[in-house]
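Here's the letter readout for the chains.
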Amino acid sequence: MMFAVAILGVLVALVLAVARALAGPTAFDRLLAANAIGTSAILLLALLGFMTERPEFLDIGITYALLNMIGTLAVLKFFRYGALGHAQDPDRDGELG
Amino acid sequence: MEFAIDIVSAIALATGGFVYAVGAFGLNRMPDLFSRMHAVSVSDTLGIGLLIFGMVLQAGATLIAAKLVIIVLVIWATGPVATHALARAALHAGHKPLLVDGDGNLVETDPVDLFPELGVRLATPTTSETLIDADSDQASDRQEESEPEETLVGYGLDEGSETNPDARPPEQDPERDDEEDRS
């Protein structure tokens, strides 16, 4: 029962984040919303695992947490440098976007 | 004892879900990108912390609790990094925060133009090294050429931003208007 309440809160947050991702207006707003959606997915996995008493879902949650961060940084690097390989400007080499 | 743990866990889960939803509400309510990041950090720290705390109390001292702690530590470590990178990329692409100037109007401007005593410059877009930079440079050039005489009409707190937070003003140069206001 208490997990159902928490899942309800996370679902509301998920819907609001999807609304912001659709509304934009800039790509950075959509990326912020995508990050929030990913975090909501992790929490939904954990809470659903507890509610159905299948805590194996937590392993998927850990994987998703790591992938979420890598995905966000990759897209941001693409925004900053226009490429995912190496920095185009040698003066800014090694600087993380 | 078990009943007490259940009570504390239920309270933590309920308040965690509430805080998490409040953060997502701020994501829709705030007027510009940087304040939206500020709102989301609420759910990324306190919301997740309370939810995971409630689940750890239910799990007891098991491997499940350890995995939950790993999840919350990963999110607490990576969330600020992602937010910082997002803010830097947005500044690099030419976005400026929405600030209140001396007349109480909301303007998208560099903070050092409003508060020169800070003495800190935001990261300005340097050369046209990326596509986004080139686009924003061209956009600002077009704005300077058109020489808009419009002032900040309809951009106050009580009109545009309240009803429609996504409303953007017509073409104008915030720094130019700011200089007019000071003189």
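Residues numbered from 1 in each chain as written. Chains lettered and ligands numbered in written order. Predicted model: local features only at pLDDT ≥ 70, side-chain atom pairs only at ≥ 80, totals over all residues.

### Points about the overall build of chain A
So, step 1. Scanning chain A from N- to C-terminus turns up 3 helices and 0 strands.
So, step 2. Per-residue burial for chain A yields a buried fraction of 38% across its 97 residues. (Helix = DSSP H or I, 4+ residues; strand = E, 2+ residues; numbered from the N terminus. Buried ≥ 20, exposed ≤ 12 C-beta atoms within 10 Å, placed from the backbone.)

### Notes on the nonpolar core
So, step 1. If you look at the biggest cluster of nonpolar residues, it comprises 53 residues, and the most contacted ones within it are Ala46 of chain A together with Leu51, Ile71 and Leu86 of chain B.
So, step 2. Elements represented by at least two residues in this core include exactly α1 (2-23), α2 (27-51) and α3 (57-81) of chain A together with α1 (2-29), α2 (33-59) and α3 (63-92) of chain B.
So, step 3. With 11 residues, α2 of chain A is the single largest residue contributor to this core. (Core = buried A, V, L, I, M, F, W, Y, C linked by C-beta atoms within 7 Å.)

### Here's the deal with the interface of chain B and chain A
Think of interface size as the accessible area that goes away when the parts come together; that is how it is often given.
So, step 1. Taken residue by residue, the interface counts 47 residues in chain B and 46 residues in chain A.
So, step 2. If you list the elements that add at least two residues to the side of chain B that touches chain A, you get α1, α2, α3 and α5 (131-146) of chain B.
So, step 3. No other element matches α3 of chain B, which puts 15 residues into the side of chain B that touches chain A. (Contact = placed C-beta atoms within 7 Å.)

### Let's talk about the packing of α1 of chain B against α2 of chain B
Geometry of a packed helix pair, given as the angle between the helix axes and the separation of the axes.
Residues and elements named next belong to chain B.
So, step 1. Interaxial distance between α1 and α2 falls to 7 Å at its minimum, and their mutual angle equals 165°. Classified by the angle between their axes, α1 and α2 sit roughly antiparallel to one another. Crossing handedness for the pair α1 and α2: left-handed.
So, step 2. Classifying every residue of the contact of α1 with α2 gives 17 nonpolar, 10 polar and 1 charged. (Axes fitted to C-alpha atoms, helices over the stretch in contact; angles between N-to-C directions. Parallel < 35°, antiparallel > 145°, perpendicular 65-115°, else oblique. Left-handed = near helix turned anticlockwise from the far one by under 90°. Nonpolar A, V, L, I, M, F, W, Y, C, P; charged D, E, K, R; others polar.)

### Quick notes on α1 of chain B
So, step 1. Given a rise of 1.5 Å per residue, 28 residues ought to cover 40 Å, and the 40 Å separating the end C-alpha atoms of α1 of chain B matches this to within 8%.
So, step 2. Here α1 of chain B has its buried residues at Ala12, Leu13, Gly16, Gly17, Val19, Tyr20, Ala21, Val22, Gly23, Ala24 and Leu27 of chain B.
So, step 3. The elements touched by buried residues of α1 of chain B are α1 and α2 of chain A together with α2 of chain B. (Expected span 1.5 Å × (residues − 1).)

### Quick notes on the environment of asparagine 68 of chain A
So, step 1. Structurally, asparagine 68 of chain A is set in helix α3.
So, step 2. In this structure asparagine 68 of chain A touches Asn35, Gly38 and Thr39 of chain A, once residues within four positions along its chain are discounted.

### Brief notes about α3 of chain B
So, step 1. A rise of 1.5 Å per residue sets the reference length of α3 of chain B, with its 30 residues, at 44 Å; its end C-alpha atoms lie 43 Å apart and thus fit the reference within 8%.
So, step 2. At the C-terminal side of α3 of chain B, glycine 94 of chain B shows a positive phi close to 100°.

Just geometry here; none of it tells us what the structure is for.
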